Amino acid sequence: MRKYSAYKNAAITIMTALITVGCSGSGSGSTKVEIISDADAVAYQIGDGTWKDDLTAVNLTDGRKRYTFDQTGKYGVALYCKSTSDKGVTIFQLNTSESNSVVYECGKQSGSTISGKITDNTSVTPDGFAVAMGRDYAIVDDKGNYSMQVNHGIRDLIVVSLVQPVGGKITPQRFYLERDIDFTGPDIGHSVTLKDAETHTMSGYSFTKVANTKAYAMLLSKNDTLFTANISGKWYIPTAGLVAEDAYLFYGVHAQHIASYLEVYGANSIPKQDKNMDASYVASLQGVAYTKATGKFVGLDYVPSAQSHAMRYFVADAKKTATKEYYYAVLSSGWLNGETDYTLPDLSSLAGFAGVWSVQGADKAGVLVLMSNKTIKEMFEAQRVYAPKGSPNFFFVIPGAKYETAYKSVL
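Residues numbered from 1 in each chain as written. Predicted model: local features only at pLDDT ≥ 70, side-chain atom pairs only at ≥ 80, totals over all residues. Heavy atoms only, no water.

Q: Looking at this model, I keep getting lost on the environment of K74. Mind explaining?
A: Note on placement: K74 falls in strand β6 (residues 74-82). Residue K74 is classed as partly exposed on the basis of its relative accessible area of 23%. Through-space distance from the C-alpha of K74 to that of G47 is 4.6 Å; in sequence the pair is 27 residues apart. Apart from the residues within four sequence positions on either side, K74 is in contact with I46, G47, D48, L94, N95 and W335. At 3.2 Å, the side chain of K74 and the side chain of D48 are in polar contact. (Helix = DSSP H or I, 4+ residues; strand = E, 2+ residues; numbered from the N terminus. Buried < 20%, exposed > 50% of the residue type's maximum accessible area, 1.4 Å probe, protein only. Contact = heavy atoms within 4.5 Å. Polar contact = N/O pair within 3.5 Å; in protein donor to acceptor, adjacent residues only side chain to side chain.)

See below:
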């Protein structure tokens, strides 16, 4: 899992790109739990026992470390991440029947600037361009000059030419996707020339929403570039140029009770038809509360609406904004096993967690619940995560997946 800075968004955003969880027994009736992380410190819990940080690390070639311990049933993993902007702990309370491996990245990856000029040599005379790489997206004018801050790695660049007749709506014209750009920094120049033979036309379909629902259609490319695919009341898909690993995400948010849903489609299986977005069927989260003196959450007994899928986990969070410190706890249904209360553990006495906030005195706290047609194992094996900017939600990108979330601020 690669984590956003905990204070860039107003509510829960515990992950920006990757959690992977596998499932493999160690034989002889026991289960080996595996942790792979670049965290500054790692602690673990057997059942409901005492938290310990005495695991022996094995260094991996990519800068991360591997830890293991034996347990069958309930367990916990806590990961301490420190950066120049914030520090905090992310906790996974799971059951080995759901998952027995946590791979977690603190989000220490670096980035730099890619910039250049887009030249259009197609049969279209554009009024501007939509450009995306990584998680950066922009609309630039017809001069085609762009500049983006992008995390390093293998990336895709997406460019779509746009026209806007006087008094008319913006309409996408030609679609261009350049794959597998080895973007390792430092800042680089990268210009693009659009040609008819290397671009594709686009098909548009009606994109509507009911009252109190905000709606978005997104294209997520194979190499994790997120492109806004809806504009001027339609959503768009290129007539060619996509592969099975590309995905479309339809995301709806009910603005009044902070509930949402997401549908994920592989680019080769998406229904090419009109879309009406309605998040009102997701039941609001009620009855949860938090005691700041003890770090205790109560009321974790959400009942999904009849249209929603099975409840998979809660996420409880507490923040201390003055010092930019945080705790996040992912509480699976298999770990809770009917319990409705949870107290954030005070890990400050562990040697590796020296200096960590003791969880008392939070000034912000909230609870999110997630439902899905996918199991925790299926979700945590996903290689990509979509975390809508400025929202309390995160979703694992699996073609065919459907999700609902509800969020409640409790402090």
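Q: What exactly am I supposed to notice about the packing of aromatic side chains here?
A: Centre distance and the angle of the planes are the two values used to describe a pair of aromatic rings. A full pass over the atoms with the stated rule returns 23 aromatic pairs. Through successive ring pairs, a cluster of aromatic residues spans Y205, F207, W235, Y248, F250 and Y265. Directly above the aromatic system of W335 lies the positively charged group of K74, at a separation of 4.6 Å from the ring centroid. The ring of F250 carries K275 above its face, with NZ or CZ at 5.1 Å from the centroid. (Phe/Tyr/Trp six-rings, centres within 6.5 Å; stacked < 30°, edge-to-face > 60°. Lys NZ or Arg CZ within 6 Å of the ring centre and 35° of its normal.)

Q: Just checking my understanding: could you explain the nonpolar core for this structure?
A: Across soluble globular proteins, nonpolar side chains show a tendency to be buried alongside one another. Ranked by internal contacts, the top residues of the largest apolar core, which has 48 residues, are L249, Y313, M379, Y386, F396 and Y403. Here L249 is in contact with Y216, A217, M218, L220, L226, L262, E263, V264, Y386 and V397, once residues within four sequence places are set aside. (Core = buried A, V, L, I, M, F, W, Y, C linked by side-chain atoms within 4.5 Å.)

Q: I keep staring at the confidence of the model for the chain and nothing clicks. Help me out?
A: In regions of low pLDDT, the predicted coordinates are not meant to be interpreted in detail. In the predicted model, the chain carries a mean pLDDT of 89, and the fraction of residues at 70 or more is 91%. Averaged pLDDT values over the elements of the chain bottom out at 40 in strand β1 (residues 19-20) and peak at 98 in strand β21 (residues 234-238). Predicted confidence for residues 1-28 stays below pLDDT 50, and this span has 119 contacts to residues more than four positions away or in other chains. (pLDDT = per-residue confidence, 0-100.)

Q: Just to check I follow, could you spell out the environment of I376 for this structure?
A: Positionally, I376 belongs in helix α2 (residues 376-380). Judged by relative accessible area, which is 6%, I376 ranks as buried. Through-space distance from the C-alpha of I376 to that of S333 is 9.4 Å; in sequence the pair is 43 residues apart. If sequence neighbours within four positions are ignored, I376 has contacts with E98, S99, R312, Y313 and S332.

Q: Sorry, what's going on with the sheet that holds strand β29 (residues 342-343) here?
A: The pairing of strands in a sheet happens through backbone hydrogen bonds and is either parallel or antiparallel. An order of β25-β26-β29 is seen for the 3 strands of this open sheet, with the pairing classed as antiparallel. Each end of this open sheet is capped by a strand with a single partner; those strands are β25 (289-291) and β29. Judged from the 2 bridges that link them, strand β26 (residues 296-298) and β29 form a sheet pairing that is antiparallel. Looking at β29, one finds that F297 is bridged to Y342. (Pairing = 2+ DSSP bridges.)

Q: Help me understand the pairing of strand β33 (residues 402-409), please; the structure alone is not making it clear to me.
A: Remember that side chains alternate between the two faces of the sheet whenever the strand is regular. Where strand β23 (residues 259-266) lies against β33, 5 bridges are found, and the strand directions are antiparallel. Bridged to S260 within β33 is T405.

Q: Can you help me understand empty space enclosed by the protein in this one?
A: The probe, sized like a water molecule, is rolled over the atoms to show the empty space still left. Tallied over the entire structure, the rule returns 1 cavity of 30 Å³ or more. Taken as a whole, the largest cavity encloses approximately 120 Å³ of empty space. Around the largest cavity, the lining is made up of 15 residues, and of these V160, P172, F227, T228 and A229 lie nearest the centre. Secondary-structure elements contributing two or more residues to the lining of the largest cavity are β13 (153-163), β14 (171-183), β19 (226-228) and β20 (230-231). By residue class, the composition of the lining of the largest cavity is 13 nonpolar, 2 polar and no charged. (1 Å grid on protein atoms, 1.4 Å probe; cavity = no way out; pocket = protein on both sides within 12 Å on 5 of 7 lines; lining within 4 Å. Points joined across faces, edges and corners; volume = space filled by probe spheres on them. Nonpolar A, V, L, I, M, F, W, Y, C, P; charged D, E, K, R; others polar.)

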